[in-house]
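Close look at the chain arrangement
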Amino acid sequence: MTCKVLVVDDEMPVRNLLNDLLKREGYKVTICSAGEEALEILKKDSFDIVLLDIKLPGISGLEVLKNIRDTDKNLPVIMITGFGYNEDLICKTKEFGCSGYIGKNMPVAQIITTFKQYAKDVKKGE
Amino acid sequence: MGLVIKETKEILHDLLDNAGVAVIYLDVNENIIFCNKKTEKLTGLKHEDILGANWLKILFHKNSSIIKQDMFKAVLDECMRHKREKDFEGVISGIDKNERLISWNFTPVVADNNQTRGAILIGHDITKIREAGNSAKIIDETLKNILSSLKDYALYVTNLEGNITYFGMGSEIMFGWDKKDIIFKHVNTLLDADNAGNNLNFILEQVRLYGRFEKETALITKTGNVIPVILTVNKFLDSSGKHSGYIFIAKDITERKKFEYQAFQSEKLAALGLLSAGMAHEINNPILVISGRSALLMEENFSQKIKDDLSLINSQADRIHKLVDRILKFSQKTKPAFGPVAVNEAIEFILPFAQYSNLPNVKVEIKKSFEKDIRPVKGDLHQLEEVFLNLVINAYQSMPEGGIIKITTSSFENIFALIQIKDTGIGIAEERLKDVFMPFFTMKKDGKGLGLSICHNIIKNHNGTIELESQVGKGSTFTIKLPFIPKEECT
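What you are looking at is a predicted structure, and each value in this text was computed from that prediction instead of being measured. (Residues numbered from 1 in each chain as written. Chains lettered and ligands numbered in written order. Predicted model: local features only at pLDDT ≥ 70, side-chain atom pairs only at ≥ 80, totals over all residues. Heavy atoms only, no water.)

**Things to note about the sheet that holds strand S5 (residues 100–103) of chain A**
All names here are of chain A. The 5 strands are arranged S2-S1-S3-S4-S5 in an open sheet whose pairing can be described as parallel. The open sheet is flanked by strand S2 (28–32) and S5, the only strands paired with a single partner. Within the sheet, the average angular offset between the axes of one strand and its neighbour, ignoring direction, is 20°. Bridge count for strand S1 (residues 4–8) against strand S3 (residues 49–53) is 4 bridges, and the pairing is parallel. Each residue of the ladder has a partner; that of Val-5, found in S3, is Ile-49. The strands touched by helix H1 (residues 12–24) are S1, S2, S3 and strand S4 (77–81); relative to S2, the strand with the most contacts, the crossing angle is about 175°. Docked against the sheet, helix H2 (residues 35–44) engages S1, S2 and S3, running at close to 160° with respect to S1. (Pairing = 2+ DSSP bridges. Helix = DSSP H or I, 4+ residues; strand = E, 2+ residues; numbered from the N terminus. Axes fitted to C-alpha atoms, helices over the stretch in contact; angles between N-to-C directions. Contact = heavy atoms within 4.5 Å.)

Put into C-alpha cells, the structure is as follows:
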C-alpha cells in the first residue's frame, strides 16, 4: 500500500518540488497551500504522514499541528521550515507534538534522507 | 608751653592705656620698662609685677614650651641687633595660662648714635578673630569635602552676562580648565556648540522665566572632548536677594550613556538577528527550489555538459544554503556551546566577510601559514569566529594605504593553539596599548570601541589569552592562545 503524504507549503515552487521529490521516492503525495485547507483535507481523507511548513498565511503550521493533535495523537507530522536549524523553534514544535523537523537549508538529498528516516515506521510505497 | 607738654603727656597716657593693643617697651637688656593697661589685661599680671621683669618671664609661664620662647627670642634678637621691624604671629601664655594668639609688631628703638636702646612690642590679640575664621574655614572645608566627594558633578557660577565668576567643586576635573584660566571667560566656552540644544540665550531665558532650567545636553572640555551631562541652571541671588547671575550644576552622565549605548547595541543585534532569520527564510525557499530542481534534472537524459552545469548549479545553491545558515547562526547570539573548534576552518570562514571592510583600491595581501591538522581547541565556534572576524577587520582598517595581513596558526607543546594576526598598518603608541581592550577605546573616527573588548571577553571565557604588540608605523600583532580540547571531549 502506498504511503500517503500531505505536503503543506504556501510557496508553489517549493510544494511542487516536494511533490516531485517525494513522488520519485514512491510516496503518494497531496499538496495544499494553507493551514485551513490542510485541516479540511485531513477531515475528508486519511494520510500516513504530513509534511507541514511552519510559516503559512492564515493559521500557522504550529496551529495546524495543534489542531491535528487535538484529534489525532499518532499521525506523524514533520515540520519543514526555511528558518533552518533553530533550537528554540525545534523545542517549540516538539512541545506541540511534532514527529520530526526538517530545515529547508539542508541539501535536497539530505532532506529526502531525513524525511525517510522520520517516516521509517510508516509503511512505504512500492 | 609747660601746659602743652603736660597735656601731651596726658593724651599719650590716655592713648596708650585705652589702646586696644598691648604696648611694651623693652630696654636693651630685654627688661620691661613700660607697659600699658592692655598688657596687664592680656597677661593677668599687675603693672608693678610687670615693670622691670624680663619680658619672656612675663609673656610665657613656666610651663610654656621652650620652642615658642626661643622663636620670640630670635625675633627680638633680629629686631634689636639688625634694627629691623618685625611682624609675626605668635602664641603667648595669657591670663589663666590660656594661650592667646597675638599678632606682634617688634620695632627697634634706635638712638641718635645708631645704638639700639630697646624695642617696642605691640601685640594685637587675634585669638577670637582667628577662631571665628577657623570655624568659617572648617565649614568651608567641610562643604568643599562634601561637594568634591559628589563625583561627576561640576558647579560654576556666572554673572548676568554669562561670564564665569566662580569655577568650583569638580569643575576643574570635569573640564580640564585651571580656575585661573577660565574665570571671566564666557560660559559658552564650556558649551558644545554642535549640540543643538545648547543655546545659552534660550537657557538663560528659561531660567529668567521659570527660575530653573534642566536638560540633558553636552559640554566640552578644554581639550575639546564632549561630555554628556545633565545641566541644571538656577538663578544666583546675592546676599540682598538680588538676581546677580546663574549657578550651573553639571552632572557627568558618561557612564550612563555608555550603558545605554550597550543596551542599544544589544537591541540592535537582536533586531539584526531577527532580520537575518527573516532573510534566511526568504533565501532558503528559492534556493531549495533551485537545488532541488537541478538535482532532479540531473537524473534526466541530458548531455554530460548539461549534467555538469546542473551539478554546478546544485553545488552553488548548496553553498548559498550553508552560507545563509552560518550567517543565521552567527547573528542568533545563542548561548555559547563549547565543543571542538577547528581554528583553521573558522578563520577561513570569516576571511571573505572581513574583506568587505577593505577600502576600494587599497591592496591588502593575506598571507596564511596554517599548521596542517592542528588539534581542535575547546570553544564556541561562533564566538571564536566573531573574534577572528573582528581582528582581521581591525587589521584591514589599520592599513588605509594597503599592506600585508599575516595569519599564523601553530600548536604550542600540545597544550594550546597559537593564533597570530599580524598587520603592517599604522600601529598603536605604547602608552595606549594598555587601553586597547577597554570598552569604548577606539582609534577609528567612527569606531565604537567595542570590538576588541568583546574579543577580550570571549577569549577570557575560553580560558585563553589575547595580547597585542604594536609599533607606530610598523604594525600590530594580536596573539591568541586557546587551550586544545582534551582528547576525551573530542567527539
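**A look at the sheet that holds strand S5 (residues 116–125) of chain B**
All names here are of chain B. The sheet built from 5 strands is open, its strands ordered S2-S1-S5-S4-S3 with antiparallel pairing. The sheet is open, and its two borders are formed by strand S2 (32–35) and strand S3 (86–93), each paired with just one other strand. Averaged over all pairs of adjacent strands, the angle between strand axes in this sheet comes to 30°, irrespective of strand direction. Here strand S1 (residues 22–27) pairs with S5 via 6 bridges, running antiparallel. Pairing of Ile-24 across the sheet is with Leu-121, part of S5.

**Section: the interface of chain A and chain B**
Contact with chain A, which involves 21 residues of that partner, is made by 19 residues of chain B. Here chain A packs against chain B, burying approximately 1800 Å² in sum over the two surfaces, 58% of which is carbon and sulfur. Looking only at chain A, the three residues that lose the most surface to chain B are A:Leu17, A:Phe83 and A:Asn105, adding up to 28% of its buried area. One can count 3 salt bridges joining chain A with chain B. As a salt-bridge pair, A:Arg24 and B:Glu299 come within 2.4 Å of each other at their nearest N and O atoms. Taken together, the connections running from chain A to chain B amount to 7 residue pairs in polar contact (both at pLDDT 80 or more). (Buried area = accessible area lost by both parts, 1.4 Å probe. Salt bridge = Lys/Arg side-chain N within 4 Å of Asp/Glu carboxyl O. Polar contact = N/O pair within 3.5 Å; in protein donor to acceptor, adjacent residues only side chain to side chain.)

**Some words on the packing of helix H12 (residues 343–354) of chain B against helix H13 (residues 381–397) of chain B**
Working note: a packed helix pair is described by the angle between its axes plus the distance between those axes. Residues and elements named next belong to chain B. The N-to-C vectors of H12 and H13 enclose an angle of 50°; their axes lie 9 Å apart at closest approach. Relative to H13, the element H12 is oriented oblique. In this structure, the crossing between H12 and H13 has a hand that is right-handed. For the pair H12 and H13, the contacting residues are Val-343, Ala-346, Ile-347, Phe-349, Ile-350, Leu-351, Phe-353 and Ala-354 in the first and Leu-381, Glu-385, Phe-388, Leu-389, Val-392, Ile-393 and Tyr-396 in the second. (Parallel < 35°, antiparallel > 145°, perpendicular 65-115°, else oblique. Left-handed = near helix turned anticlockwise from the far one by under 90°.)

**With respect to the packing of aromatic side chains**
Residues and elements named next belong to chain B. Across all of its chains, the model carries 14 aromatic pairs over all chains by this definition. Centroid distance Phe-72 to Phe-106: 6.5 Å. Interplanar angle 50°. Geometry classified as tilted. With Phe-72 in helix H5 (residues 66–81) and Phe-106 in strand S4 (residues 99–110), the pair connects residues that are 34 residues apart, well separated along the chain. Arranged with centres 5.6 Å apart and planes meeting at 85°, the rings of Tyr-156 and Phe-175 form a pair that is edge-to-face. Of this pair, Tyr-156 sits in strand S6 (residues 153–159) while Phe-175 sits in helix H7 (residues 171–175); the two residues are 19 residues apart in sequence, bridging distant segments of the chain. (Phe/Tyr/Trp six-rings, centres within 6.5 Å; stacked < 30°, edge-to-face > 60°.)

**A short note on the pattern of salt bridges**
Summed over all chains, the structure comprises 20 salt bridges over all chains. With its nearest N and O atoms 2.9 Å apart, the salt bridge here joins A:Asp45 to A:Lys4. One end of the pair, A:Asp45, is in the loop between H2 and S3; the other, A:Lys4, is in strand S1, and 41 residues separate them in sequence. The class for A:Asp45 is partly exposed, based on a relative accessible area of 34%. What makes A:Lys4 buried here is its relative accessible area of 17%. Where B:Glu205 meets B:Arg208, a salt bridge forms, and the shortest distance between an N and an O atom there is 3.4 Å. Taken as a pair, B:Glu205 and B:Arg208 lie in helix H9 (residues 200–210) at a separation of 3 residues, close to a single helical turn. For B:Glu205, a relative accessible area of 35% puts it in the partly exposed group. Because the salt bridges share partners, they merge into one network encompassing A:Arg24, A:Glu25, A:Lys116 and B:Glu299. (Buried < 20%, exposed > 50% of the residue type's maximum accessible area, 1.4 Å probe, protein only.)

**Points about H1(A)**
Look at H1(A): 18 Å from first C-alpha to last across 13 residues, which is about the 18 Å you get at 1.5 Å a residue. Of all the residues in H1(A), the buried ones are A:Val14, A:Arg15, A:Leu17, A:Leu18, A:Asn19, A:Leu21 and A:Leu22. (Expected span 1.5 Å × (residues − 1).)

**So, H2(A)**
All names here are of chain A. The complete set of buried residues in H2 reads Gly-35, Ala-38, Leu-39, Ile-41 and Leu-42. Buried residues in H2, looked at end-on, bunch into an arc of 160°, giving them a common side. Pointing more than 90 degrees away from the buried face of H2 are the exposed residues Lys-43 and Lys-44. Buried positions along H2 lie against S1, S2, S3 and helix H3 (61–71). (Arc of directions from axis to C-beta.)

**Some remarks on the nonpolar core**
Taken as a class, soluble globular proteins show a tendency for nonpolar side chains to be buried jointly. Residue and element names in this part refer to chain B. Counting residues in hydrophobic clusters, the biggest one holds 40 residues, and the most contacted among them are Phe-388, Leu-391, Val-392, Ile-405 and Ile-480. For this core, the elements supplying multiple residues, two or more each, are H12, H13, strand S14 (403–412), strand S15 (416–423), helix H15 (451–461), strand S16 (465–471) and strand S17 (475–483). The leading source of residues in this core is H13, at 8 residues. Once residues lying within four places of it in the same chain are set aside, the contact partners of Val-392 are Ile-350, Leu-351, Ala-354, Ile-405, Ile-407 and Ile-421. By size, the runner-up hydrophobic cluster in this structure holds 25 residues, among which are Ile-32, Phe-60, Cys-79 and Ile-92. (Core = buried A, V, L, I, M, F, W, Y, C linked by side-chain atoms within 4.5 Å.)

**A look at the packing of H13(B) against H15(B)**
All names here are of chain B. Between H13 and H15, whose axes approach to 9 Å, the crossing angle comes to 145°. Where H13 crosses over H15, the handedness of that crossing is left-handed. Between H13 and H15, the contacting residues are Gln-383, Leu-384, Glu-386, Val-387, Asn-390, Leu-391 and Asn-394 on the first element and Gly-451, Leu-452, Ile-454, Cys-455, Ile-458 and Ile-459 on the second. Its residues assigned to classes, the contact of H13 with H15 comprises 8 nonpolar, 4 polar and 1 charged. (Nonpolar A, V, L, I, M, F, W, Y, C, P; charged D, E, K, R; others polar.)

That is the geometry; function is a separate question.
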